Amino acid sequence: QGLVIGCDTFSFAGRHQMLGINEKTFFDKPSFAIRGGCFMPYKDEFRVIQEYVFSLLDATGFDVGAAHTELIVNESGLHLVEINARLVGAKIPRLMSLALHRSVVSDLIDLHLGRYAFADNATAEVAVTRWITADRSGVLAQVHTPELKDKSVAHVEILKHAGDPVHQPMENADRLGYVMTCSSSRAVAESAAEAFVSDTRLVYA
């Protein structure tokens, strides 16, 4: 039990950089689906987590490339779930790129070409994602998303189409689409994402 976080790092010649931490939010049990996340660029307040992750990378001999390390954080400390020797999956690289104001995919290419510069997070912001899901089983006819009036809303993508069967979210494949928001304030980014999902209307066939 505890808070599930993903720690995303780049390593080159044995030197590591913590890009940031993605705090995951889940739907209520018994669902296994992730409702969204909040990517926070690295700051000194994450130093203890950074030191632990770097020690794991050193212990496994990981010295070049992207790594995605997942941890559970609770009152008894930090607990390793897994170390993935790759860039994080799903849509999270896009979320990270929004927060960092640069493409992490381009950065990873540069890293493997030996020309990556370890950048700071001075201008970085917080980026939040929330997934759109069905409230019942059925066949999707339309998805009506709200007008993009909030400047915090940075990206929207609908993944399901008319005629697709949909269900309440039990696993990640049940998600219909997502919104990503970005702001210097976590509260603002989360509020904008939650409002967008709340105002999205589904029409069933």
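Further up the page is the structure itself.
Residues numbered from 1 in each chain as written. Predicted model: local features only at pLDDT ≥ 70, side-chain atom pairs only at ≥ 80, totals over all residues. Heavy atoms only, no water.

This part is about the pairing of strand 7 (residues 138–144). It is a general feature of regular strands that their side chains alternate between the two faces of the sheet. In the sheet, strand 7 pairs with strand 9 (residues 165–166) via 2 bridges, with the strands oriented antiparallel. Following the sheet pairing, Val 139 is matched in strand 9 by Pro 165. One ladder, built from 4 bridges, connects strand 7 with strand 11 (residues 201–204); its direction is antiparallel. Within the sheet, the bridge partner assigned to Gln 142 lies in strand 11 and is Val 203. (Pairing = 2+ DSSP bridges. Helix = DSSP H or I, 4+ residues; strand = E, 2+ residues; numbered from the N terminus.)

Take Ser 97: it is sitting in helix 2 (residues 92–100). Reaching out from Ser 97, the side chain makes a polar contact with the backbone nitrogen of Val 104 at a distance of 3.1 Å. Every residue in contact with Ser 97, bar those within four places of it in the chain, is listed here: Arg 102, Ser 103 and Val 104. (Polar contact = N/O pair within 3.5 Å; in protein donor to acceptor, adjacent residues only side chain to side chain. Contact = heavy atoms within 4.5 Å.)

Spatially, 5-4-1-2-3-6-10-8 is the arrangement adopted by the 8 strands of the open sheet, whose pairing is antiparallel. In the strand order of this sheet, the two ends are held by strand 5 (77–84) and strand 8 (153–158), each with one partner. Going from strand to strand, the sheet's axes swing by 20 degrees on average, the running direction of each strand aside. Bridging between strand 2 (residues 15–26) and strand 3 (residues 34–41) involves 7 bridges; their strand directions are antiparallel. Across the sheet, residue Lys 24 finds its bridge partner in strand 3, namely Gly 37. Taken strand by strand, helix 1 (residues 47–59) contacts strand 1 (3–12), strand 2, strand 4 (65–74) and strand 5, and its axis lies near 115 degrees from that of strand 2. With respect to the sheet, helix 2 is in contact with strand 1, strand 2, strand 3, strand 6 (126–132), strand 8 and strand 10 (177–183), its orientation differing from that of strand 3 by roughly 35 degrees. (Axes fitted to C-alpha atoms, helices over the stretch in contact; angles between N-to-C directions.)

Glancing now at the pattern of salt bridges. This model, assessed by the stated rule, comprises 11 salt bridges. A salt bridge links Arg 35 to Glu 194, with the nearest nitrogen and oxygen atoms 3.1 Å apart. Here Glu 194 lies in helix 4 (residues 186–199) and Arg 35 lies in strand 3, a separation of 159 residues in the sequence. When the shortest N-O distance is used, the salt bridge between Lys 91 and Glu 157 registers 3.4 Å. In this pair, Lys 91 sits in the loop between strand 5 and helix 2 while Glu 157 sits in strand 8, placing the two residues 66 residues apart along the sequence. On the basis of relative accessibility, which here comes to 28%, the residue Lys 91 falls in the partly exposed class. Through salt bridges with shared partners, a single network forms among Glu 23, Arg 35, Arg 130, Arg 186, Glu 190 and Glu 194. (Salt bridge = Lys/Arg side-chain N within 4 Å of Asp/Glu carboxyl O. Buried < 20%, exposed > 50% of the residue type's maximum accessible area, 1.4 Å probe, protein only.)

The next thing to look at is the pairing of strand 6. Among the 7 residues that make up strand 6, 7 are buried, leaving the element largely enclosed by the rest of the structure. Taking every second residue as pointing to the same face, both faces of strand 6 are buried, with Val 126, Val 128, Arg 130 and Ile 132 on one and Ala 127, Thr 129 and Trp 131 on the other. Here 4 bridges tie strand 3 to strand 6, and the two strands are oriented antiparallel to one another. From the neighbouring strand, Gly 36 faces strand 6, where its bridge partner is Arg 130. Where strand 6 lies against strand 10, 7 bridges are found, and the strand directions are antiparallel. Looking at the pairing, Ala 127 lines up with Cys 182 of strand 10.

Each neighbour pair has its own omega, and for Lys 29 with Pro 30 the value is 10 degrees, a cis peptide bond. Positive phi is not limited to glycine here, since Ala 13 has a value of about 55 degrees. Among the secondary structure elements, Ala 13 is positioned in the loop between strand 1 and strand 2. Looking at Ala 13, the relative accessible area reads 71%, which means it is exposed. One non-glycine residue with positive phi stands out, namely Ala 90, at about 55 degrees. With respect to the element layout, Ala 90 can be found in the loop between strand 5 and helix 2. For Ala 90, a relative accessible area of 69% translates into the label exposed.

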